[in-house]
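So the chains spell out like this:
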Amino acid sequence: RLRNALESEEAVWEADGDRRRKRGDRSLGELAASARSAPRRADAERPRQYVPRNPYNTPAAFPAAPAAAFDDARVFEKLGTDTLFFIFYFAQGTYQQYLAARELKKQSWRYHKKYMTWFQRHEEPKVTTDDFEQGTYVYFDYETGWCQRIKSDFTFEYTFLEDELVA
């Protein structure tokens, strides 16, 4: 009996060791895969050559690449609101869109994620709670008029407020 019990216990230990070895091999494989896809220094650098998203044949005298000045945040401080809106809506996914959004936020514009447009208080809200505020707002109408309009008695729910971007 003792011999059977010891042999049985030995079999359990061997099986458990096999499971641990397999688990260890899998972990090493996952670690190696992770290392292969880790970011490299070049991933943080901007591409040196500009590639337009919608190329069009233009006269050779026209600039072929954006001016380097548009990578400078100080330039965006000097741009008008309409220009910032244009950059925000037509340079999507670019550093310039980020700079335009940052400058709009500095000017007290707030991006509404549900309506995908910018709002600014026209006056102090009539009602303010932890979840929303209600009052009169100016909003940028990019769909029908490319202009600023006033919306009275608008409820701005904070869940739709874009707040990831630091101004």
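Overview of the structure. Per chain, residues are indexed from 1 in the order of the written sequence. With pLDDT at 70 or above as the cut-off, local features in this predicted model cover only qualifying residues; side-chain atom pairs require 80 or more to be listed or tallied, and sums for whole chains, interfaces and linings still use all residues. Think of the side-chain values as coming from all heavy atoms in the structure, minus any hydrogens and water.

**Here's the deal with the overall build of the chain**
Quick reminder of the rule: Strands are runs of DSSP state E lasting at least 2 residues, helices are runs of H or I lasting at least 4, and numbering of each runs from the N terminus. For every residue, the accessible area obtained with a 1.4 Å probe (protein chains only) is divided by the maximum for its type, and the residue is called buried under 20%, exposed over 50%, and partly exposed between those limits. Here, residues are in contact when the closest pair of their heavy atoms is within 4.5 Å. Areas reported here follow the Shrake-Rupley algorithm with a probe of radius 1.4 Å; residue values treat only the protein chains shown as occluding.
When helices and strands are tallied, the chain shows 5 helices and 5 strands. For the chain, the succession of helices and strands along the chain, N to C, is α-α-α-α-α-β-β-β-β-β. The proportion of buried residues among the 167 residues of the chain is 22%. Counting contacts in the chain only where the partners sit at least 6 residues apart, residues at least 24 apart contribute 46% of the total. A total accessible area of about 13,000 Å² is found for the chain, and carbon and sulfur atoms account for 53% of it.

**Comments concerning the layout of surface pockets**
Rules: Think of a 1 Å grid over the protein atoms and nothing else: a 1.4 Å probe that fits but is trapped marks a cavity, an open set flanked by protein within 12 Å on at least five of seven lines marks a pocket, and residues with an atom within 4 Å of a point count as lining. Grid points are joined across faces, edges and corners, and a volume is the space filled by probe spheres set on the points. Residue polarity follows a fixed list, in which Ala, Val, Leu, Ile, Met, Phe, Trp, Tyr, Cys and Pro are nonpolar, Asp, Glu, Lys and Arg are charged, and the others, Gly among them, are polar.
Counted as a void, the second largest pocket has a volume near 160 Å³. In terms of lining residues, the second largest pocket is bounded by Y115, T117, F119, Y139, F140, D141, Y142, E143, K151 and F154. Elements supplying a minimum of two residues to the lining of the second largest pocket: β2 (117-121), β4 (132-141) and β5 (147-157). The dominant element in the lining of the second largest pocket, judged by the number of residues it contributes, is β4, at 3 residues. Broken down by class, the residue content of the lining of the second largest pocket amounts to 6 nonpolar, 1 polar and 3 charged.

**Topic: helix α4 (residues 81-90)**
Helical geometry note: an α-helix holds 3.6 residues per turn, so side chains three or four residues apart project in the same direction. Restricting attention to buried positions, one finds in α4 the residues L84, F85, I87, F88 and Y89. Looking at the buried positions of α4, the neighbouring elements they touch are α3 (73-76), α5 (95-106), β1 (110-112), β2, β4 and β5.

**Section: the nonpolar core**
Heads up, the rule is: We define a nonpolar core as any set of buried Ala, Val, Leu, Ile, Met, Phe, Trp, Tyr and Cys residues linked to one another through side-chain atoms lying within 4.5 Å.
Counting 18 residues, the largest nonpolar core has F85, F88, Y89 and W118 as its most contacted members. Element by element, the count of residues in this core is highest for α4, at 5 residues. Excluding its chain neighbours within four sequence positions, the residues that come into contact with Y89 are Y111, M116, T117, W118, F140, Y142 and W146. Core analysis: the second largest hydrophobic core is formed by 5 residues, F119, Y137, F156 and L161 among them.

**Observations concerning the packing of aromatic side chains**
What counts is decided by this rule: Note on ring pairs: Phe, Tyr and Trp rings are taken, using the six-membered ring of Trp, and paired if centres are within 6.5 Å. Classes follow the plane angle, with under 30 degrees stacked, over 60 edge-to-face and the rest tilted. Charge over a ring is defined by NZ of Lys or CZ of Arg lying within 6 Å of the ring centre and within 35 degrees of the ring normal.
Applying the stated criterion across every chain, the model contains 22 aromatic pairs. Ring centres of F88 and Y89 lie 4.9 Å apart, and the angle between their planes is 90°; this geometry places the pair in the edge-to-face category. Y89 matches F88 in its accessibility class, with the two residues each being buried. Here the aromatic rings of F119 and Y137 are separated by 6.2 Å at their centres, their planes lie at 80°, and the arrangement is edge-to-face. On the criterion of sequence distance, the pair formed by F119 in strand β2 and Y137 in strand β4 is long-range, its members being 18 residues apart. With respect to class, F119 is no different from Y137; both count as buried. Among the aromatic residues, those joined into a cluster by ring pairs are F85, F86, F88, Y89, F90, W109, Y111, W118, F140, Y142 and W146. Over the face of the ring belonging to F156 we find R110, whose NZ or CZ atom lies 5.1 Å from the ring centre.

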